[in-house]
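Descriptive analysis of the structure
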Amino acid sequence: MSYMKPGKTGIPRILDATKYSWQGLKGAWINEAAFRQELVLAVILIPLAFVLGKTTGEIAILLLTLGVVLMAELANSAIEAVVDRIGSERHPLSGRAKDIGSAMVFIALLFTGIVWGTVCYFNFFS
């Protein structure tokens, strides 16, 4: 017995998924100031990663942390959109969901700062 949703498969499914992903990125850019700020910061820091990192591994980790921040912000924005869609009344579970999404972004930013700071310290100050 198959439990898969009926729908497109193969290349048409991949094309549809790509379209939906693009719509999600576009929606985040238009509606989420934090995503815009973090994306602009990532665009600035990406070239810097190639200057600060001395090895391919360091460069990869620096770049990965930027991707994690963007993914966390997208997930947080999705959580907020769903909670806001459910209703505008205050509910402890809604607040908890939004706070946990915010904490996810905070942790991603914290670890990004730690990684970038560590790479800079060991490559330039030790």
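About the criteria used
Residues numbered from 1 in each chain as written. Predicted model: local features only at pLDDT ≥ 70, side-chain atom pairs only at ≥ 80, totals over all residues. Heavy atoms only, no water. Core = buried A, V, L, I, M, F, W, Y, C linked by side-chain atoms within 4.5 Å. Buried < 20%, exposed > 50% of the residue type's maximum accessible area, 1.4 Å probe, protein only. Helix = DSSP H or I, 4+ residues; strand = E, 2+ residues; numbered from the N terminus. Contact = heavy atoms within 4.5 Å. Patch = residues over 30% accessible without salt bridge, like charges linked within 9 Å, V, L, I, M, F, W, Y side chains within 5 Å. Areas by Shrake-Rupley, 256 points an atom, 1.4 Å probe, with all protein chains shown as cover. Salt bridge = Lys/Arg side-chain N within 4 Å of Asp/Glu carboxyl O. pLDDT = per-residue confidence, 0-100. Expected span 1.5 Å × (residues − 1). Phe/Tyr/Trp six-rings, centres within 6.5 Å; stacked < 30°, edge-to-face > 60°. Lys NZ or Arg CZ within 6 Å of the ring centre and 35° of its normal. Bend = angle between axes of the 7 residues up to and from the residue.

1. Some remarks on the nonpolar core
Of all hydrophobic cores here, the largest spans 11 residues; its members are A28, F35, A42, L45, A49, L52, L62, L66, L70, W116 and V119. If you list the elements that add at least two residues to this core, you get α2 (33-52), α3 (56-86) and α4 (92-124). When residues of this core are assigned to their parent elements, the largest contribution, 5 residues, is made by α2. If near-sequence neighbours (up to four positions away) are discounted, L70 is found in contact with F35, E38, L39 and A42.

2. A look at the environment of R90
Secondary-structure assignment places R90 in the loop between α3 and α4. Its relative accessible area of 86% is what places R90 among the exposed residues. For R90 and G57, which are 33 residues apart along the polypeptide, the C-alpha to C-alpha distance reads 46 Å.

3. Quick notes on a nonpolar patch on the surface
A contiguous nonpolar surface patch, about 500 Å² in accessible area, is contributed by F106, I107, L110, F111 and I114. In this fold, I114 is placed in helix α4.

4. Things to note about the confidence of the model for the chain
Looking at the chain, pLDDT values average 94 and 96% of them are 70 or higher. Confidence scores differ between elements of the chain, with helix α1 (residues 10-31) showing the lowest mean pLDDT of 95 and α2 the highest of 98.

5. So, α3
Here α3 is 31 residues long and its end C-alpha atoms lie 45 Å apart, about the 45 Å a rise of 1.5 Å per residue gives. Taken together, the buried positions of α3 are occupied by I59, L62, T65, L66, V69, L70, A72, E73, N76, S77 and V83. Buried residues belonging to α3 abut α2 and α4.

6. Some words on the pattern of salt bridges
With the rule as written, the count across this model stands at 2 salt bridges. A salt bridge links D16 to K8, with the shortest nitrogen-to-oxygen separation between them at 3.0 Å. Its relative accessible area of 17% is what places D16 among the buried residues. Measuring nitrogen to oxygen at the nearest pair gives 2.6 Å for the salt bridge that ties D84 to K98. Here D84, found in helix α3, pairs with K98, found in helix α4; they are 14 residues apart in sequence, far enough to count as distant.

7. Here's the deal with the packing of aromatic side chains
If you walk through the whole model with that rule in mind, you get 1 aromatic pair. Across from the ring centre of F124, 6.0 Å away, lies the NZ or CZ of K54, which sits over that ring.

8. Here we look at α2
Taking 1.5 Å as the rise per residue, α2 with 20 residues should run 28 Å; its terminal C-alpha atoms sit 28 Å apart, in good agreement. Taking the largest bend as the criterion, α2 deviates by roughly 30°, centred on I46, and proline P47 comes between one and four positions later. Those residues of α2 that fall on the buried side of the exposure criterion are F35, E38, A42, L45, A49 and L52. Looking at the buried positions of α2, the neighbouring elements they touch are α1, α3 and α4.

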